[in-house]
Amino acid sequence: TFSPELTFNDGNTIPQLGYGVWQVEDDVAEKVVVQAFEAGFRHIDTAKIYGNEAGVGRAIERSGLKPEEIFITTKLWNADQGYESTLKAFEESMERLGLETLDLYLIHWMQPQQDKYVDTWKALIELQKQGRVKTIGVSNFTKEGLQRLIDETGVVPAINQVELHPFFNQADLREFNASKGILTQAWSPLGQGGELLESPVIAQIAAKHGATPAQVVIAWHLAIGNVVIPKSVTESRIRENYAALDVTLDETDVQAINGLDRSAEGAGRIGPDPAVSD
Ligand code: NAD
């Protein structure tokens, strides 16, 4: 089984299921990304701040997979925002990854207090024009931030990677993204593996499908149209997460999982709020 592909507003495509490597040390990243490729993953999500772009690069080399067979994302860190500094940081990331062309480059956080994200976005537009990166997007952007990029540059981000899991399902932002032709990508899609995977609602659906809780949550992301990048450094779980592609939820399952959202009670979010995070 290979992951389904979703099509960006620039015509390129992305494997809907990918593998994320936040909080994975560089040498471990090399090992687990090789395992992820062996399990079937072809889409890897890293970032400069994760400190493991070089490990991901070594895994790519070891895998023997060709650039056109894989999809690699990295992200511009907050301290590098600004036009010239973005161009420089991009080249440094590419050096570490050992790649000629990147599939997807993201602004990691909007950082409204810095207020440099429009100039940063202009640098990403330039990198795409030069053919250094195929697709450009953002992470942790609000509706207001996205609208400002569109208004000031006319270039709509291809994707917005945000915190998104059943306890914080981002219905409003997903609808806005879709209305602008922006794909939604879910980070911490398993809620970082805590209480969510113990949920009785998830357990019941898992039993019904002969699947695990993590597989049910991943299948929910796939069913609602998210790009999803679960993380694990345990080989059996890497395989288990990839096999979520074989789990198909029905509408009742999806509705039940939608009902787990806690944002109406002002809860559910694990990470920082992009509107105020510095
Ligand atoms: P996640 O929701 O993917 O949860 C990962 C944790 O869940 C694991 O460490 C493990 O404890 C548990 N887990 C994984 N598979 C399991 C299984 N099959 N059974 C039981 N438990 C399992 O959390 P994450 O790492 O925060 O998010 C995934 C990826 O999203 C990151 O690696 C990174 O690539 C990306 N991310 C991006 C941002 C951003 O700001 N753009 C922020 C956080 C994460």
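Note that the structure is predicted; figures quoted are calculated from it, not measured. (Residues numbered from 1 in each chain as written. Predicted model: local features only at pLDDT ≥ 70, side-chain atom pairs only at ≥ 80, totals over all residues. Heavy atoms only, no water.)

Participant: It is not clear to me how the site of the ligand should be interpreted in this structure. Could you clarify?
Facilitator: Surveying the vicinity of the ligand reveals 27 residues, the closest of which are Asp 45, Gln 161, Ser 188, Leu 190 and Asn 241. Note that an oxygen atom of the ligand is positioned 3.3 Å from one of the backbone N or O atoms of Val 21. One of the side-chain nitrogen or oxygen atoms of Arg 237 is found 3.5 Å away from a nitrogen atom of the ligand. For the ligand, the protein covers 88% of the area, taking 840 Å² as the surface of the free molecule. Here the residues of the shell around the ligand sort into 11 nonpolar, 11 polar and 5 charged. (Near = heavy atom within 4 Å. Polar contact = N/O pair within 3.5 Å; in protein donor to acceptor, adjacent residues only side chain to side chain. Areas by Shrake-Rupley, 256 points an atom, 1.4 Å probe, with all protein chains shown as cover. Nonpolar A, V, L, I, M, F, W, Y, C, P; charged D, E, K, R; others polar.)

Participant: Please clarify how the packing of helix α7 (residues 200-209) against helix α10 (residues 251-258) should be interpreted in this entry.
Facilitator: Describing two packed helices takes the angle between their axes plus the distance from one axis to the other. Contact geometry for α7 and α10: axes closest at 10 Å, N-to-C directions at 160°. As far as their axial angle goes, α10 and α7 are roughly antiparallel. Read as a crossing pair, α7 and α10 show a hand that is left-handed. Between α7, through Val 201, Ile 202, Ile 205, Lys 208 and His 209, and α10, the contact on the second element is made entirely by Asp 253, Ala 256 and Ile 257. Of the residues belonging to the contact of α7 with α10, the class tally is 5 nonpolar, 1 polar and 2 charged. (Axes fitted to C-alpha atoms, helices over the stretch in contact; angles between N-to-C directions. Helix = DSSP H or I, 4+ residues; strand = E, 2+ residues; numbered from the N terminus. Parallel < 35°, antiparallel > 145°, perpendicular 65-115°, else oblique. Left-handed = near helix turned anticlockwise from the far one by under 90°. Contact = heavy atoms within 4.5 Å.)

Participant: I tried to follow helix α4 (residues 117-129) on my own but got confused; where do I start?
Facilitator: Residues three or four positions apart in an α-helix share a direction because the helix packs 3.6 residues into each turn. Between the first and last C-alpha of α4 there are 18 Å, a value that for 13 residues agrees with the 18 Å anticipated at 1.5 Å per step. Within α4, the full set of buried residues consists of Tyr 117, Val 118, Thr 120, Trp 121, Ala 123, Leu 124, Ile 125 and Leu 127. Structurally, α4 contributes buried residues whose contacts are with β5 (71-76), α3 (83-97), β6 (102-107), β7 (133-139) and α5 (143-153). Note on α4: the residue one or two positions beyond its end, Gly 131, has a positive phi of about 80°. (Expected span 1.5 Å × (residues − 1). Buried < 20%, exposed > 50% of the residue type's maximum accessible area, 1.4 Å probe, protein only.)

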